[in-house]
Amino acid sequence: MVVYTVANVWLSNRHTKLREKVLEAEKETGSIQSDSINNHQTVKYFAAEKHESERYGKYVDELKNRDFAADVYGLKMTFSQRSIIDVFTSIATLLAAYAAFSGNDFTAGDFILFTTYLVQLYNPFYNLGYAYREFKKALVDMKQMFEFLDEEVEQDDEDAQDLPENQCSITFNKVKFGYGEEKLILDEVDFTINAGETVALVGPSGSGKSTIYRLLLRFFEVQEGSIEICGLNIRKISRKSLRKHFGIVSQDIELFNDTIEYNIRYGDIEASQEQVEEASKAAAIHDFIISHSDGYNTQVGQKGIKLSGGEKQRVSIARAILKKPQYILLDEATSALDNQTEKAIQDNLNELCKSRTSLIIAHRLTTVTHADRIFVLEKGKIVESGNHKELLEMKGVYYDMWEQHNK
Ligand SMILES: Nc1ncnc2c1ncn2[C@@H]1O[C@H](COP(=O)(O)OP(=O)(O)OP(=O)(O)O)[C@@H](O)[C@H]1O
């Protein structure tokens with residue numbers, strides 16, 4: 001029994017490791033599969049169907065091999081378990097036969113009784129080993145679920161408050177942040193946007209501009225320093241109420257595979273049809289929508305694939321307008337628009353920002369010259385600030401950017 005138990009535990013542990021490898025391969029294969037499908041257009045642009053199918057094939061082969069190895073090991077295990085039981089029952093039977101024939105008190109009747117008991121023990125023994133093996137296997141299969149349950153969820157502090165309804169200032173106090181350990185993206189960033197003020201953030205690509213709004217909306221937490229709105233550390237404000245008060249138009253626009261109206265109405269599910277249309281007009285997309293036979297019921301396709309970049313951007317602007325937020329974040333909000341359309345909605349965007357505390361991130365400096373103040377971010381630090389005129393007079397980084405832009 002000891003030999004059987006030790007062998008069973010040892011074999012099951014090895015089988016568990018092989019099962020873990022199978023699950024790992026399954027995960028990798030699934031991720032390659034969805035990566036190729038999500039990027040199907042890029043695959044086609046580069047005529048890389050063969051390359052992708054070979055890449056996927058390699059992962060499928062690896063999965064097949066690992067699965068096969070685990071199954072073969074499982075069979076070997078069953079064979080070993082049965083063999084151990086068979087060997088020991090045979091030895092016990094031979095010993096009993098020897099005892100019966102050697103003329104001791106052990107009679108032929110005892111022998112038959114003994115072997116009957118032995119046979120009855122055989123199956124429970126084997127089943128015990130089988131149950132242990134299946135239990136270990138189930139544990140491995142459930143590991144992914146446990147990992148999923150262990151994923152950190154966005155949890156607010158118990159004493160988290162709602163963001164006050166009135167507009168207030170936003171302050172970054174010596175904020176330090178990096179996505180990983182090795183690189184600091186924001187290094188002691190310090191600034192205040194006063195209530196009702198429009199502030200623009202400019203700087204080279206990768207300097208950390210979008211990171212600032214991700215921190216502001218608590219998609220990531222600052223590592224040092226703090227961010228305050230209305231004098232409250234945003235860690236003490238519930239994420240839901242924080243995000244409810246921000247209207248965002250970002251570079252990466254995500255649309256639902258539904259109608260244009262559904263996507264605009266996302267800004268305010270309760271809005272009337274008239275309000276949806278007003279917001280669409282302000283975002284210069286109403287005429288485009290009604291030019292379709294299905295009008296506001298036109299389907300936008302998966303991720304808005306049936307719309308151009310500029311149209312998606314205008315849908316996103318319309319939904320931000322409809323939300324009527326206290327605070328506005330524009331991250332390259334008009335980057336995908338041609339000059340004429342940009343001009344058409346720039347006034348509306350300015351109007352939207354006018355009565356609200358706004359942060360505008362832009363590459364095209366001409367879109368932020370009207371801002372009350374402009375911060376220049378370079379290598380994670382704010383190196384200059386002032387209005388357009390003041391910054392030009394400084395003849396520093398902003399001046400160089402402006403000169404470059406005008407060229
Ligand atoms: N989720 C992430 N994980 C790791 N690094 C990231 C992540 N998002 C951004 N980064 C890195 O952080 C740095 C700052 O990115 P961020 O998007 O804030 O720059 P940006 O100034 O907005 O750039 P751009 O003007 O090109 O949009 C970049 O070097 C980028 O590679």
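Each value, and the rule that gives it
Residues numbered from 1 in each chain as written. Predicted model: local features only at pLDDT ≥ 70, side-chain atom pairs only at ≥ 80, totals over all residues. UniProt positions renumbered as here; feature names shortened; annotations may be inferred. Helix = DSSP H or I, 4+ residues; strand = E, 2+ residues; numbered from the N terminus. Rg over C-alpha atoms; globule rule 2.2 N^0.38 Å. Buried ≥ 20, exposed ≤ 12 C-beta atoms within 10 Å, placed from the backbone. Contact = placed C-beta atoms within 7 Å. Axes fitted to C-alpha atoms, helices over the stretch in contact; angles between N-to-C directions. Parallel < 35°, antiparallel > 145°, perpendicular 65-115°, else oblique. Left-handed = near helix turned anticlockwise from the far one by under 90°. Nonpolar A, V, L, I, M, F, W, Y, C, P; charged D, E, K, R; others polar. Pairing = 2+ DSSP bridges. Expected span 1.5 Å × (residues − 1). pLDDT = per-residue confidence, 0-100. Core = buried A, V, L, I, M, F, W, Y, C linked by C-beta atoms within 7 Å. Domains from an automatic or database assignment.

- Regarding the protein, the relevant UniProt record gives this comment under Subcellular location (unreviewed entry): "Membrane".
- Here the protein is described in UniProt, under the heading Sequence similarities (unreviewed entry), as follows: "Belongs to the ABC transporter superfamily. ABCB family. Heavy Metal importer (TC 3.A.1.210) subfamily."

1. What about the overall build of the protein?
Next up, step 1: From N to C terminus, the protein includes 13 helices and 10 strands.
Next up, step 2: For 407 residues, the compact-globule estimate of 2.2 N^0.38 gives 22 Å, and the C-alpha radius of gyration of the protein, at 34 Å, exceeds that figure by more than 25%.
Next up, step 3: Its C-alpha atoms give the protein principal-axis dimensions of roughly 115 × 50 × 45 Å.
Next up, step 4: Within the protein, the fraction of its 407 residues that count as buried is 27%.
Next up, step 5: For the protein, long-range pairs separated by at least 24 residues make up 70% of all intrachain contacts whose partners lie at least 6 apart in sequence.

2. Quick notes on the packing of helix α8 (residues 273–282) against helix α10 (residues 309–323)
Next up, step 1: As a packed pair, α8 and α10 sit with axes 8 Å apart at the nearest point and diverge in direction by 125 degrees. Regarding the angle of α8 to α10, the classification is oblique. Classified by chirality, the crossing of α10 by α8 is right-handed. Where α8 abuts α10, its residues Q275, V276, A279, S280 and A282 lie against A318, I321 and L322.
Next up, step 2: Per-class residue counts for the contact of α8 with α10 are 6 nonpolar, 2 polar and no charged.

3. Focus: the sheet that holds strand β4 (residues 224–229)
Next up, step 1: The antiparallel open sheet is built from 4 strands, whose spatial order is β2-β1-β4-β5. In the strand order of this sheet, the two ends are held by β2 (186–193) and β5 (232–233), each with one partner.
Next up, step 2: Sheet topology note: the strand β1 (residues 170–177)/β4 ladder contains 5 bridges and is antiparallel. Within β4, the residue paired with F172 across the bridge is I227.
Next up, step 3: Packed on one face of the sheet, helix α5 (residues 209–216) meets β1, β2 and β4 and runs near 110 degrees to β1.

4. Description of helix α3 (residues 49–101)
Next up, step 1: The terminal C-alpha atoms of α3 lie 76 Å apart, and with 53 residues this matches the ideal 78 Å at 1.5 Å per residue to within 8%.
Next up, step 2: Looking only at α3, the buried set comprises E52, L63, A70, M77, Q81 and I84.
Next up, step 3: Summarising the contacts, the buried residues of α3 are in contact with α1 (2–38), α2 (40–45) and α4 (108–150).
Next up, step 4: Directly after α3, the chain includes G103, whose backbone phi takes a positive value near 75 degrees.

5. Brief notes about the confidence of the model for the protein
Next up, step 1: In this model, the protein carries a mean pLDDT of 86, and residues with pLDDT of at least 70 account for 99%.
Next up, step 2: Across the whole predicted complex the pTM is 0.72, and at the interface the ipTM reaches 0.96.

6. What to know about the nonpolar core
Next up, step 1: A200, L201, A283, I317, A318, I321 and I374 are the most contacted members of the largest nonpolar core, which totals 65 residues.
Next up, step 2: Sorting elements by how many residues they give to this core places α10 first, with 6 residues.
Next up, step 3: Split by domain, this core shows at least three residues from each of two domains, domain 2 (161–245 + 325–407) and domain 3 (254–324).
Next up, step 4: With residues near it in sequence (within four places) discarded, A318 still touches I264, A279, S280, A283 and I285.

7. Topic: the domain arrangement of the protein
Next up, step 1: The domains assigned to the protein are domain 1 (2–150), domain 2 (161–245 + 325–407) and domain 3 (254–324).
Next up, step 2: Here domain 1 and domain 2 have C-alpha centroids that lie 57 Å from each other.

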